[in-house]
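Read off the chains here:
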Amino acid sequence: MSLLKLENITKRFGGLIAVNKVSLEISKGEFVGIVGPNGSGKTTLFNVISGVYFPEEGRVIFDGQDITTLQPYKRAPLGIGRTFQIPRPFASATVRENVAVGAMFGTLSGKVSVDESLEIADKTIERVRLQEHKDKPAGALTPVEKKLMEIARALAMKPKLLLMDEAMAGMHPNDIDQMVAFIKQIAVEEKIAIVSMVEHIMRAVVGMAEKVIVLHQGSKIVDAPTKEALEDPKVVEVYLGHPPEE
Amino acid sequence: MFLEQLTGNLIQGIVLGAVYGMATMGLSLIFGVLKVVNVGHGAFIMVGAFVTLWLFNALGINPILAVPVAFAVGMGLGFIFYYTTMQRLIKAPELATLLATFSIGILLEELVKLTFGSEFRGYNWVVGKIDIGVTVLPMSKLYACIGSVIIALLLYLWFNKTRAGSAVRSVVEDSEGARVCGVNVGGAYALSFALGIGLTVASGVLLTMFIPVGINPYMGGGYTLKAFVIAVLGGLSSPYGAFFGGLAFGLIENGSYTLFALIPGVEPFALTRFLSFVMLLAILLIKPTGLLSTK
Amino acid sequence: MKKEITKYYPLIPVFTAYLFLFLVGKNISGMWQLVAMLLFYCAMGQAFNIFLGMTGYVDFGYVAFMGVGTYGMALAITNLAHIEGLGIGIIIIGFILALLMSTLLSMAVGAVALRLRGAYFAIATIGVNEGFRFLIEGARIWNGSEGLIFTAQLNQILGREAASSLMTYWADIMVLFIAALAAFVTLFYMRSKIGYALTALREDEDAAKVMGINVTKYKITAFITSACFAGLVGATSWALKTPYVFPPEVFEIHYTIEAIIIVLLGGAGTLLGPVVGGLIYGISKYYLSIFMPGFQLLIFAPIIIIIIVLFPEGVVGMLKSRTKGSVLARFII
Ligand SMILES: Nc1ncnc2c1ncn2[C@@H]1O[C@H](COP(=O)(O)OP(=O)(O)OP(=O)(O)O)[C@@H](O)[C@H]1O
Ligand SMILES: [Mg+2]
């Protein structure tokens, strides 16, 4: 059974159709890349999955449960964690507190105490190598550090599905390779985590995804194994004749 | 008999409503452009009233002529407060702008109190009245109503026929996009804030025609609440919505007063004010984007 | 267990300040009146901070909760004074009624207003105090605009002497306890999930929701808690100290303004902030009213603007960042 299933999702903003009849399936433990040019609807799709917006049409099914109109705060504990394209840290709280919030409210049991959450936070922060910045207010981090912090915050939720919205934009290529390796490792170790990602950065997509979904002007145009998808002429065309690097 | 009284009151309500509407346009303009709620709104109305009072009593100047003067005073205050305070808070949390405008309101009240004292005052402008059968309308109120409509139309023309107006409109629609297209967004913010305050202070002049002896440094509080109800009725960010919201509010206020007066043992005036508070909550609950807006 | 105790260290400076106030008032003659006023401001700030400071939402109608709290105590005394032998029990009933009424009002207001975000919330609350006042006056509830005067009933039930020492001394002691209790609850919230949830939603409500936080639940919790303390402050500082209540006085927006100044001055969302803010505000107001009567607001309005623009973290906020990493940091939050 698939972990996440979107059926014919349409999301409009006024007259603009940001996501147009998109259906897709993601199975447990799968690594999926979602790509597409600017404005193609990737972030909107994430917002529909995490409950920031409700779609006008279609259904969102997670773990066998219809969550199309479920409040976002009830989705997180089901196992949907995410990061934001433009980082949204709780600025005045420390990095440690930020990550602890993920563990405290985002886990399935919902019964993680404050102290336990702080412990989980410490461990997770170490994994993303932010321990030096642990007690800094999250607002004071650099953009890249904020993205790492968001990854840690989402991981602390012990998600089954981790939605990373351009989490590696702005990182140095070497760091991206490291990051990809790290996320893969966690995803495999924890067995539960599925990483789906939205990247302009083909390097990360190629290094990580087993399957690539390509969006263009809100519609899904390709859904295929990575290599096949990236060689698809439609994809090349969408990227205006700039074939993927490497 | 009762129906006649009701009709009379409703006509009075429309006349007052037009002025209410105009008095709210500045609030909506500022919210629409800067996303700032001017909690000190009523204090600027009060400033307009004092401008009128002073021009009339000290210099014998006709209240109609006080409108442009008040508008200029308001623009000036608007620019001052924008550049000293608001500009630094555009990106700050909402709490900051709410409290800043709130404090600016208090500051104005206290300054006016310091200068003019806190007793109730008024002026006596004799221009006659007309009897339209169901009710008697003082000419001054009629002038205020006509003045409001003219100002609303001027604002409409300014928005649609001038460069500065369309720049402001583009900022309302999409400030990032406007910036990319070369619009001076900071300038548009300053101008809109000043214009909004200018309109509000000018409306204070027109409102004095309804409160012959009600001019007082703290008179603004009630208008702030009414302006919020009206703005929310009209969709909060649209000056024209606000104008029509004002008309609706004038009707409701006068209509409900007439009805409450029929209930024995209550104070109808206090109940109308309670009603405006209930309306505010109800509208916000049902449709925060405004009952009269299409969005 | 030791860890549990260190968690509550930040109460030490707060309680020390209150103890100090008490000792000054008790031992230096002629100071009690000033001390009583300072305690009132600290308690009000402490109560308001639980909502304004911890959620970042501005409730312009806050004084309404103090107002209904005052009515709660007033109604208990006026209606139950004839019952023989109730004695001091009547005051306990008054407190319960005050709590009940402020809880109910905050639930009613919260149910509507807390669905709204930021500016819309502020707009919704701006009329609450006036609205409630006009309801009481307009519909002639609880004696309408004439208000309630219950000095005689208080004298009758407690005896003249006890009633007078209640008004001039014990009521202030009760305010002190309310302020201390509010501080304790604030810290308890800060150290529990509620505090984490409130910080998260104050910083970014949408992100907080996506992290699994039921923001409405936590906002309502903070709102009701804050309203309850406001009700207690009203019941004590207003109803018991001055045994009468008039609608325009207890729904006067002026007090909301003072509460905002105190919280901002001290540092919104900090534990020690309301104490510092209350002391600074109260002392300066006291001396300003002696030396420049009638000018307090003229002076305080620009001060709020300056704080917002230049020192948005307030005094304790600044202290906090200064002491970061030192031993003091454990005590100052
Ligand atoms: N809240 C919103 N209101 C109005 N339009 C929106 C909103 N959010 C997104 N859009 C529009 O929907 C379309 C899809 O946007 P989206 O952010 O999903 O694209 P994206 O693929 O994530 O782009 P990018 O690569 O730039 O992040 C865009 O045209 C965008 O302007
Ligand atoms: Mg995006």
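Source: prediction; values computed, not measured. (Residues numbered from 1 in each chain as written. Chains lettered and ligands numbered in written order. Predicted model: local features only at pLDDT ≥ 70, side-chain atom pairs only at ≥ 80, totals over all residues. Heavy atoms only, no water.)

Trainee: Looking at this model, I keep getting lost on the overall build of chain C. Mind explaining?
Mentor: Of regular secondary structure, chain C possesses 17 helices and two strands. Radius of gyration (C-alpha) of chain C: 20 Å, near the 20 Å computed for a compact globule of 333 residues. Its C-alpha atoms give chain C principal-axis dimensions of about 55 × 50 × 45 Å. For chain C, buried positions account for 61% of its 333 residues. For chain C, restricting intrachain contacts to residue pairs at least 6 apart in sequence, the fraction spanning at least 24 positions comes to 79%. If you sum the accessible surface of chain C, you get close to 12,500 Å²; carbon and sulfur atoms cover 68% of it. (Helix = DSSP H or I, 4+ residues; strand = E, 2+ residues; numbered from the N terminus. Rg over C-alpha atoms; globule rule 2.2 N^0.38 Å. Buried < 20%, exposed > 50% of the residue type's maximum accessible area, 1.4 Å probe, protein only. Contact = heavy atoms within 4.5 Å. Areas by Shrake-Rupley, 256 points an atom, 1.4 Å probe, with all protein chains shown as cover.)

Trainee: Explain the packing of helix 14 (residues 253-266) of chain C against helix 15 (residues 273-291) of chain C here, please?
Mentor: The relative placement of two packed helices comes down to the angle between their axes together with the axis-to-axis distance. All names here are of chain C. Their axes nearest at 7 Å, the elements helix 14 and helix 15 cross at an angle of 120 degrees. One finds that helix 14 runs oblique with respect to helix 15. Handedness of the helix 14/helix 15 crossing: right-handed. Where helix 14 approaches helix 15, its residues His254, Glu258, Ile261, Ile262, Leu265 and Gly266 are matched on the opposing element by Gly273, Pro274, Gly277, Gly278, Ile280, Tyr281 and Lys285. For the contact of helix 14 with helix 15, a count of residues per class yields six nonpolar, five polar and two charged. (Axes fitted to C-alpha atoms, helices over the stretch in contact; angles between N-to-C directions. Parallel < 35°, antiparallel > 145°, perpendicular 65-115°, else oblique. Left-handed = near helix turned anticlockwise from the far one by under 90°. Nonpolar A, V, L, I, M, F, W, Y, C, P; charged D, E, K, R; others polar.)

Trainee: So what exactly am I meant to see when it comes to helix 6 (residues 118-125) of chain C here?
Mentor: What sets the pattern is the α-helix's 3.6 residues per turn: residues three or four places apart point alike. A large share of helix 6 of chain C lies buried, amounting to seven of its eight residues. Of all the residues in helix 6 of chain C, the buried ones are C:Gly118, C:Ala119, C:Phe121, C:Ala122, C:Ile123, C:Ala124 and C:Thr125.

Trainee: Which parts of the structure should I look at to understand the interface of chain C and chain B?
Mentor: Many structure descriptions define interface size as the accessible area lost when the parts assemble. Taken residue by residue, the interface counts 39 residues in chain C and 39 residues in chain B. For the pair chain C and chain B, the two sides together bury roughly 3,600 Å², of which 82% comes from carbon and sulfur. Three residues stand out in chain C for area buried against chain B, namely C:Tyr120, C:Ile123 and C:Phe134, and they jointly supply 17% of the buried area on that side. Our count for the contact surface shared by chain C and chain B stands at two salt bridges. The tally of links from chain C across to chain B stands at four residue pairs in polar contact (both at pLDDT 80 or more). At eight residues, the largest contribution of residues to the side of chain C that touches chain B is made by helix 16 (residues 296-310) of chain C. Tallied by class, the residues present in the side of chain C that touches chain B amount to 28 nonpolar, seven polar and four charged. (Buried area = accessible area lost by both parts, 1.4 Å probe. Salt bridge = Lys/Arg side-chain N within 4 Å of Asp/Glu carboxyl O. Polar contact = N/O pair within 3.5 Å; in protein donor to acceptor, adjacent residues only side chain to side chain.)

Trainee: Explain the environment of A:Ser109 here, please?
Mentor: Residue and element names in this part refer to chain A. Within the secondary structure layout, Ser109 lies in the loop between helix 3 (95-106) and helix 4 (114-127). On the basis of relative accessible area, Ser109 is assigned to the exposed category, the value being 52%. Separated by 31 residues in the primary sequence, Ser109 and Leu78 place their C-alpha atoms 9.2 Å from one another.

Nothing here speaks to function; it is geometry throughout.
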